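Secondary and tertiary structure notes
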Amino acid sequence: MSLVTLQSVKKDFGIKEILIDANLSLDANDKVGLIGTNGSGKSTLLKMIAGLESIDSGQILTNSGAKVIYLPQQPEVDENHTVLEQVFADSNEQMTLVREYEEISDKLAHNPENNQLMSRLSTVMQRMDNTGAWELETNAKVILTKLGITDFNAIVGTLSGGYRKRIALATALLSEPDLLLMDEPTNHLDALSVEWLQSYLNRYRGALLLITHDRYFLDKVTNRIIEIDRGDIYSFAGNYSYYLEKKALAEDSAASSQRKFQGVLRRELEWLKRGPKARSTKQKARIQRIQAMRETDFKEGLGKVDISTVTRRIGKKVIELENVSKAYRDRTLIKNFTYEFSPEDRIGIIGENGAGKSTLMNIITGKDTPDSGKVDIGATIHIGYFDQHSDELLTALNENQRVIDYIKEEGEFIKIADGTQITASQMLERFLFPGNQQYAPISKLSGGEKRRLFLLRILMGAPNVLILDEPTNDLDVQTLAILEEYLEDFAGCVIVVSHDRYFLDRTIDTVFSLEPGGNIRQYPGNYSIYLDYKKAEEEKAQQAIETKEKPKHVDVENTDFLENKIEGKKKRKLSNWEKREFEQLEGKIAQLEAEKSEAETAIANVSSGNYTQVQKLYEQVEELKQAIDKATERWMELADLES
């Protein structure tokens with residue numbers, strides 16, 4: 001079933017054609033990754049499908065019964081709401097019931113004999129059953145927790161932009177639309193949250209259309225890739241790896257066809273130069289065909305960012321940190337960290353949001369001073385710092401400034417890797433800014449184009465230490481691939497802060513992990529190797545717990561006291577709502593098991609050759625298995641608290 005159909009859609013922003021004559025259909029089972037260079041119109045296409053951006057011509061047809069939800073890069077939120085209130089903003093009835101239930105339960109805790117309160121509670125609980133509010137609140141808390149948000153009563157206005165994006169993401173997932181449009185959903189998520197979201201979307205029953213720079217994420221989640229290339233839309237069945245393979249074959253085929261065409265045209269033109277007498281009908285037709293061939297235009301291959309800037313000589317002494325510590329209020333971010341960076345270092349810095357990654361970068365670059373310890377930077381060192389707020393810094397300079405004037409501030413002429421000099425305009429063309437964009441104001445650029453422009457400005461400064469703080473945010477996958485190749489040959493020290501697993505695997509050989517208490521642990525290898533280390537550490541710790549023996553001579557009274565103390569720290573009593581949920585789960589699990597058994601029996605009784613029916617039943621069994629696992633896991637969690 002088609003959810004959304006684009007028919008001959010055209011969109012033009014004046015200096016650039018976004019869509020020329022676009023035709024596209026999104027079906028109920030589609031999990032689509034949308035790719036294209038920065039400024040190609042990816043975000044614009046999502047907005048048009050969501051009905052937030054007009055089209056110049058053509059039409060967009062949306063199934064009348066389809067629910068479409070759009071998650072932008074910068075979602076709008078009510079800063080006065082709590083986290084849960086924001087998540088339930090579109091579920092007013094359920095949220096009102098949950099709040100009323102919590103208030104009544106609190107009052108009953110202090111006045112358990114109040115029959116009026118008991119009666120009100122019973123009514124509210126019945127309404128919560130009817131509206132599904134029990135399950136909705138549970139799902140909301142589970143999703144928020146998996147996304148790294150545990151304070152459900154925090155005021156949204158006090159949270160960072162990254163946490164607001166997570167709240168908006170949770171809201172979108174809870175709404176369970178038929179089509180979910182997501183613009184860079186993995187931005188601001190740490191690796192664990194990305195892994196969870198990846199798993200969640202793999203099980204998601206609706207259709208997806210998403211933009212992301214995370215190539216591992218694209219590979220795992222999508223079953224179709226759509227590429228926007230200079231106004232045209234191309235569709236590739238399969239995930240991102242399949243797309244790369246087919247794209248390379250398509251480009252080779254197009255180049256071969258163009259070479260053959262040019263060969264035929266050259267021979268035809270030679271015939272024409274010999275001056276054939278155009279008397280016969282065949283000769284006249286041949287001359288007309290040659291004229292038509294001369295007027296044929298071939299679409300040139302998609303341009304690639306050409307990063308060929310020079311670097312400065314780097315000495316033996318790069319940057320030395322000695323017993324560096326930094327704390328904010330009562331929280332220690334960095335504690336007694338000592339390290340000597342070398343010219344060959346390729347270091348990736350990872351950690352949860354707020355762990356202190358950007359703080360460490362600012363200390364290294366001298367933007368911030370440590371509370372104790374010292375930082376010594378070598379005399380030959382020139383740092384290029386591409387930070388995660390570079391687009392904000394760029395627009396803060398002058399939104400009305402022309403692109404080429406911004407680059408000329410670094411120099412009218414730029415020396416490139418082979419030693420020759422080119423103009424600022426030529427350098428911009430190498431970074432995919434054609435002439436009409438070069439003389440446009442910066443405000444006309446997309447977010448990704450601004451980031452690419454800022455990257456160019458940094459590389460033009462010929463750094464020999466390159467610090468990249470979340471470089472993959474808003475940069476397209478094509479530019480990231482070129483940047484990765486550039487870093488392989490970069491003659492200097494590279495320090496990367498990123499949540500992008502693919503980018504880290506391609507660019508680093510050492511991991512610095514920022515851990516609680518300000519400790520920074522070092523692991524050799526790239527990010528995947530780091531994950532292997534962590535897995536081995538967890539398995540070893542688990543084995544130690546399982547094999548640990550109890551003390552042979554222990555005072556009984558002291559043991560009871562200790563166990564009570566541990567219980568007091570680790571356990572709490574079930575709330576009234578949790579008790580009710582616990583009571584309902586046993587029946588729910590039994591019902592799900594019965595439904596699974598019926599479906600498995602139905603599979604055995606399907607007539608041979610009815611593959612469609614068998615497939616549907618298999619899918620039903622898998623869904624029931626997942627539901628049983630989820631309900632059982634929750635039952636065990638509540639049972640542990642009940643015991």
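Look up a bit, the structure's there.
As the structure is a computational prediction, the values presented were derived from the model and not from experiment. (Residues numbered from 1 in each chain as written. Predicted model: local features only at pLDDT ≥ 70, side-chain atom pairs only at ≥ 80, totals over all residues. Heavy atoms only, no water.)

Once that is clear, we can look at the sheet that holds strand 1 (residues 2–12). Ordered in space as 2-1-4, the three strands form an open sheet in which the pairing is antiparallel. With one partner strand each, in any of the chains shown, strand 2 (17–27) and strand 4 (57–62) form the two edges of the open sheet. Shown here is a sheet whose adjacent strand axes are inclined to one another by a mean of 10 degrees, direction ignored. In this structure, strand 1 lies alongside strand 4, joined through five bridges in antiparallel fashion. Its bridge partner lying in strand 4, T5 is registered against L61. Contacts from helix 1 (residues 42–50) reach strand 1, strand 2 and strand 4, with the element oriented near 125 degrees to strand 1. (Pairing = 2+ DSSP bridges. Helix = DSSP H or I, 4+ residues; strand = E, 2+ residues; numbered from the N terminus. Axes fitted to C-alpha atoms, helices over the stretch in contact; angles between N-to-C directions. Contact = heavy atoms within 4.5 Å.)

Using the criterion set out here, one finds one cavity of 30 Å³ or more in the structure. Quantified by volume, the largest cavity comes out at close to 50 Å³. (1 Å grid on protein atoms, 1.4 Å probe; cavity = no way out; pocket = protein on both sides within 12 Å on 5 of 7 lines; lining within 4 Å. Points joined across faces, edges and corners; volume = space filled by probe spheres on them.)

It is worth spelling out the nonpolar core at this point. Core analysis: the biggest nonpolar cluster contains 43 residues, and I407, L428, F431, L453, L466, Y486 and L487 have the highest contact counts within it. If you list the elements that add at least two residues to this core, you get helix 13 (403–408), helix 14 (424–430), helix 16 (447–460), strand 17 (465–469), helix 17 (477–489), strand 18 (493–497), helix 18 (501–507) and helix 19 (527–547). Those residues in contact with I407 that sit more than four places away from it in its chain are A424, L428, L453, L456, R457 and M460. Counting residues in each nonpolar core, the second largest holds 42 residues, with L84, Y204, I225 and F236 among its members. (Core = buried A, V, L, I, M, F, W, Y, C linked by side-chain atoms within 4.5 Å. Buried < 20%, exposed > 50% of the residue type's maximum accessible area, 1.4 Å probe, protein only.)

Moving on, we come to the sheet that holds strand 5 (residues 68–71). Strand order in the open sheet made by the six strands is 5-6-7-3-8-9, with mixed pairing throughout. The two strands at the open ends of the sheet, each matched to only one other strand, are strand 5 and strand 9 (232–237). Adjacent strand axes in the sheet meet at a mean angle of 15 degrees when their direction is disregarded. Along the sheet, helix 1 makes contact with strand 3 (31–35), strand 5, strand 6 (179–183), strand 7 (207–211), strand 8 (224–229) and strand 9, crossing strand 6 at roughly 150 degrees.

Scanning all chains against the criterion turns up 14 aromatic pairs. An angle of 85 degrees between the planes, with centres 5.0 Å apart, marks the rings of F236 and Y243 as edge-to-face. Overall, F236 belongs to the buried group, its relative accessible area being 12%. Taking 5.6 Å as the distance between ring centres and 80 degrees as the angle between the ring planes, the aromatic pair formed by F337 and F512 counts as edge-to-face. One end of the pair, F337, is in strand 11 (residues 331–340); the other, F512, is in strand 19 (residues 510–515), and 175 residues separate them in sequence. (Phe/Tyr/Trp six-rings, centres within 6.5 Å; stacked < 30°, edge-to-face > 60°.)

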